[in-house]
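Residue strings, one per chain:
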Amino acid sequence: MSTHPAAHHEPYHEPPHAAHLHDAAGHHDHPHASHGPAMHGPPADVLARYARAYADAQPAPGHAVVRVDLEAHEFDWEFVAGRATRAWGYNAQVPGPVIEARVGDVLEIHLVNSLSEPTTVHWHGLRVPAAMDGTDMAQHPIPPDGSFTYRFLLPDAGTFWYHPHSNETIQLEHGLYGALIVRGDDEPLVDGERVLILDDVTLNADGQIAAPAGWRERIEGREGDTLLVNGRSGPEIMLPAGHVERWRVVNASSARYVRLSLDGRTFRMLGTGGGLVEAPVSVTEVLLTPGDRVDVAVGPFAEGDVLPVESLPYDRGLGLKPTEPFATLRVGVEAPSRAHVHERLRDIPAIADGSVRPTRVVRFGERTHTERGLDFLINDEVHHRAEPVTVGSLQVWDVVNETTLDHPFHLHGFFFQVIERDDRSPAFRSWQDTVNVPAGARVRIAWIPDDRPGEWMYHCHILEHHEAGMMAHFVVVPAHEMVSSGA
Ligand code: C2O
Ligand code: CU
Ligand code: CU
């Protein structure tokens, strides 16, 4: 086990006022020390880091700066047709606008906060500089009536998404999220493409988003009873017979696992959270945890087919639920197809195999707490302060789930490969930023931090668990700043 005590070269010092955000959420036990649980707050030189990242973001030759304006605010939205619900969203829609750009472009996003509380925007899955990560460790949250400009280069193609990293259990629940698509030069040729953002919500008798219901939701994670696709309940999807479409599916729900099925039909998985897989994988279902994405090629189907787009029963530690319908696919009149999905999509070099010794063990745990009921832990701490990692060093982490619930592990800013699940190697190679760790299971991942030093985090993407402390903070340090471990 190679850990690197970097205490003398710790590039990051917490400002003394940094605990206020979590104090508001009931976290009173963050000591003002470099050991023990981490507090939330950006480094003292946050503005310099931001200015450097902003200036460094230059498009590749022949590429553009794509500018997007987002305004976060409250408005009425019909999650269910004919029923106005007070929602929070970007640009008066749920989900927010699909942001689209190409690998090599720079995205420049100007956010205006017209909410009545602070917010930030996190670019889930994107390899941005630490200063643009949109967490409360990367920046001071944007106050009401404030604004902020994110600017970063897009190095990877894939299906990503954006969402607040402030008060997530409330802000995402009300509709603050959107998809972000980055296209590469060599994408599969399809007849059409759609983004399907899955979510759920509980509406009370007045049609309003119900207030969180207390300890049970805090422990289990909140699952709403109204299922949503792109902000609407029960939509119909029309597809011409003979067509093959690419669906980019995002699970934006707080806690719901989706075992996506198209009435048992076979479809082809093209990509995961970190972009295309090496070759299409034929499946009849795919599991999407909160935070995760999948790209699939669906079709061709025959005229007159009516297929439920549904989630099959899945037990994440709370028992099996029935099959749940998200949408209905209706197949219309035949149309000519020009779709061509290559048998080889790209190469993903293996960075390690299952026999490599782990450099870190990440343990998901829980502990009863007299006031809060249950704390969710990483390595026995809420808001765990984990060891730094060095740019360029191979990381092999065993993520071990010692609880009776599944937890989706999410690493900010870097892709990893799953190299082993319990003792089995995965059926195909992929890049991921989110992976399910079933109750009692162990998942071994490998990744190499590229040269984006700064403050990063990993956490359970069940938003209530994340809020209840199941997260860890760590620093990526430049190679020359590292103290030798002597181990
Ligand atoms: Cu979508 Cu910190 O996560
Ligand atoms: Cu934390
Ligand atoms: Cu969890």
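All values reported here derive from a predicted model rather than from experimental measurement. (Residues numbered from 1 in each chain as written. Chains lettered and ligands numbered in written order. Predicted model: local features only at pLDDT ≥ 70, side-chain atom pairs only at ≥ 80, totals over all residues.)

*Asks:* Outline the environment of Leu 172, supporting the account with residue identities and numerical values.
*Replies:* Mapped onto the elements, Leu 172 comes out in the loop between α3 (168-171) and β8 (178-183). Between the alpha carbons of Leu 172 and Val 250 there is a distance of 13 Å; along the sequence they are 78 residues apart. If we skip the residues at most four places from it in the chain, Leu 172 touches His 163, Pro 164, Tyr 177, Ala 252, Ser 254 and Leu 463. (Helix = DSSP H or I, 4+ residues; strand = E, 2+ residues; numbered from the N terminus. Contact = placed C-beta atoms within 7 Å.)

*Asks:* Requested: an account of the sheet that holds strand β22 (residues 373-378), with residues and values cited.
*Replies:* Across the sheet, which stays open at both edges, the five strands sit in the order β22-β21-β25-β29-β27 with mixed pairing between neighbours. At either margin of the open sheet sits one strand with a lone partner, and together these are β22 and β27 (417-421). Averaged over all pairs of adjacent strands, the angle between their axes in this sheet comes to 20°, without regard to strand direction. Of the strand pairs in this sheet, β27 and strand β29 (residues 442-447) are connected by four bridges, and their pairing is antiparallel. Along β29, the bridge assignment pairs Val 418 with Ile 445. (Pairing = 2+ DSSP bridges. Axes fitted to C-alpha atoms, helices over the stretch in contact; angles between N-to-C directions.)

*Asks:* A description of the domain arrangement of the chain should follow, citing residues and the corresponding values.
*Replies:* Where interface size is given, it is often the accessible area lost as the parts come together that is meant. Once the domains are mapped, the chain shows domain 1 (46-183), domain 2 (192-332) and domain 3 (348-481). Domain 2 and domain 3 are separated by 25 Å when their C-alpha centres are compared. On the side of domain 3, 24 residues touch domain 2, which itself brings 22 residues to the contact. Of all elements in the fold, only α4 (215-220) and β16 (275-283) reach the threshold of two or more residues within the side of domain 2 that touches domain 3. Looking at the side of domain 2 that touches domain 3, its residues break down into seven nonpolar, nine polar and six charged. (Domains from an automatic or database assignment. Nonpolar A, V, L, I, M, F, W, Y, C, P; charged D, E, K, R; others polar.)

*Asks:* Explain unusual backbone geometry residue by residue, including any values.
*Replies:* Val 94 connects to Pro 95 through a cis peptide bond whose omega is -5°. On the secondary structure map, Pro 95 appears in the loop between β2 (83-90) and β3 (99-102). Following Gly 299, the chain continues into Pro 300 via a peptide bond in cis, with omega recorded as 5°. Its location among the elements puts Pro 300 in the loop between β18 (293-298) and β19 (306-311). In this structure, Asn 379 is a non-glycine residue whose phi angle is positive, near 45°. Here Asn 379 is to be found in the loop between β22 and β23 (384-385). Under the C-beta neighbour-count criterion, Asn 379 is labelled partly exposed, with 15 such atoms within 10 Å. Non-glycine residue Asp 380 carries a positive phi angle of around 70°. In this structure, Asp 380 sits in the loop between β22 and β23. Judged by the 11 C-beta atoms lying within 10 Å of it, Asp 380 is exposed. (Buried ≥ 20, exposed ≤ 12 C-beta atoms within 10 Å, placed from the backbone.)

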